[in-house]
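Spelled out, the chains give:
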Amino acid sequence: MVHATLEAADDVRRAIEAIESAEVHAAGDDGRIVVVVEDTATATAADQIMAMHQIPGVISVTLTYHHFEDLSQPAGCASS
């Protein structure tokens, strides 16, 4: 969840959309923006979240949900 000033919300949204694996899922009229980020070959999701803190107009960035899949396991296989 990214919270931006109302004046900068559109610019913040565009800056987030320019991040390689960040996807804006919703944006409210109050400056709150719901974003999903994924690790890439060159940056972790944590790195991308920290980069969002540096966008002018961002008030806060909060990690609301974290999901991790072990990609070394084939899909549908559970480890015992």
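Residues numbered from 1 in each chain as written. Predicted model: local features only at pLDDT ≥ 70, side-chain atom pairs only at ≥ 80, totals over all residues. Heavy atoms only, no water.

**Student:** Looking at this structure, how should I read helix α2 (residues 45-53)?
**Tutor:** Because each turn of an α-helix spans 3.6 residues, side chains separated by three or four positions end up pointing in the same direction. Within α2, burial applies to Ala45, Gln48, Ile49 and Met52. Taken end-on, α2 shows its buried residues confined to a sector of 100°, consistent with a single buried face. Buried residues in α2 make contact with β1 (2-4), α1 (9-17), β2 (22-27), β3 (32-37) and β4 (58-61). (Buried < 20%, exposed > 50% of the residue type's maximum accessible area, 1.4 Å probe, protein only. Helix = DSSP H or I, 4+ residues; strand = E, 2+ residues; numbered from the N terminus. Arc of directions from axis to C-beta. Contact = heavy atoms within 4.5 Å.)

**Student:** I tried to follow the confidence of the model for the chain on my own but got confused; where do I start?
**Tutor:** Caution is warranted with low-pLDDT regions, since their predicted coordinates should not be read in detail. Mean pLDDT for the chain: 87, with 86% of residues reaching 70 or above. Element-level pLDDT for the chain is lowest in α2, with a mean of 91, against a maximum mean of 97 in β1. (pLDDT = per-residue confidence, 0-100.)

**Student:** How should I be thinking about a negative patch on the surface in this particular structure?
**Tutor:** There is a patch of like negative charges on the surface, built from Glu23, Glu38, Asp39 and Asp47. Mapped onto the elements of the fold, Glu23 is located in strand β2. (Patch = residues over 30% accessible without salt bridge, like charges linked within 9 Å, V, L, I, M, F, W, Y side chains within 5 Å. Areas by Shrake-Rupley, 256 points an atom, 1.4 Å probe, with all protein chains shown as cover. Salt bridge = Lys/Arg side-chain N within 4 Å of Asp/Glu carboxyl O. Lys, Arg positive; Asp, Glu negative; His and termini not counted. Charge placed at Lys NZ, Arg CZ, Asp CG, Glu CD.)

**Student:** Would you take a moment to explain the sheet that holds β2 for this structure?
**Tutor:** Two strands in a sheet stick together by hydrogen bonds in their backbones, pointing the same way (parallel) or opposite ways (antiparallel). The strand order across the open sheet formed by 4 strands is β2-β3-β1-β4, and the pairing between neighbours is antiparallel. Two strands close off the open sheet at either side, each with one partner strand: β2 and β4. Between one strand axis and the next, the sheet turns through 25° on average, direction left out of account. As paired elements, β2 and β3 share 5 bridges and run antiparallel to each other. Pairing of Glu23 across the sheet is with Val36, part of β3. (Pairing = 2+ DSSP bridges. Axes fitted to C-alpha atoms, helices over the stretch in contact; angles between N-to-C directions.)

**Student:** It is not clear to me how the side chain of Gln48 should be interpreted in this structure. Could you clarify?
**Tutor:** Within the element layout of this structure, Gln48 appears in helix α2. Of note is the side chain of Gln48, whose polar atom sits 3.0 Å from the side chain of Ser21. Setting aside residues up to four positions removed in sequence, Gln48 forms contacts with Ile19, Ser21, Ala22, Val37, Glu38, Asp39, Thr40 and Ala43. (Polar contact = N/O pair within 3.5 Å; in protein donor to acceptor, adjacent residues only side chain to side chain.)

**Student:** What is the right way to look at the nonpolar core in this model?
**Tutor:** Buried together is how nonpolar side chains tend to be arranged in soluble globular proteins. Ranked by size, the top nonpolar core spans 17 residues in total, and within it Val2, Val12, Ile16, Val35 and Met52 carry the most contacts. Of all the secondary structure elements, the ones that give two or more residues to this core are β1, α1, β2, β3, α2 and β4. Excluding its chain neighbours within four sequence positions, the residues that come into contact with Ile16 are Val2, Ala22, Val24, Ile33, Val35, Met52 and Ile55. (Core = buried A, V, L, I, M, F, W, Y, C linked by side-chain atoms within 4.5 Å.)

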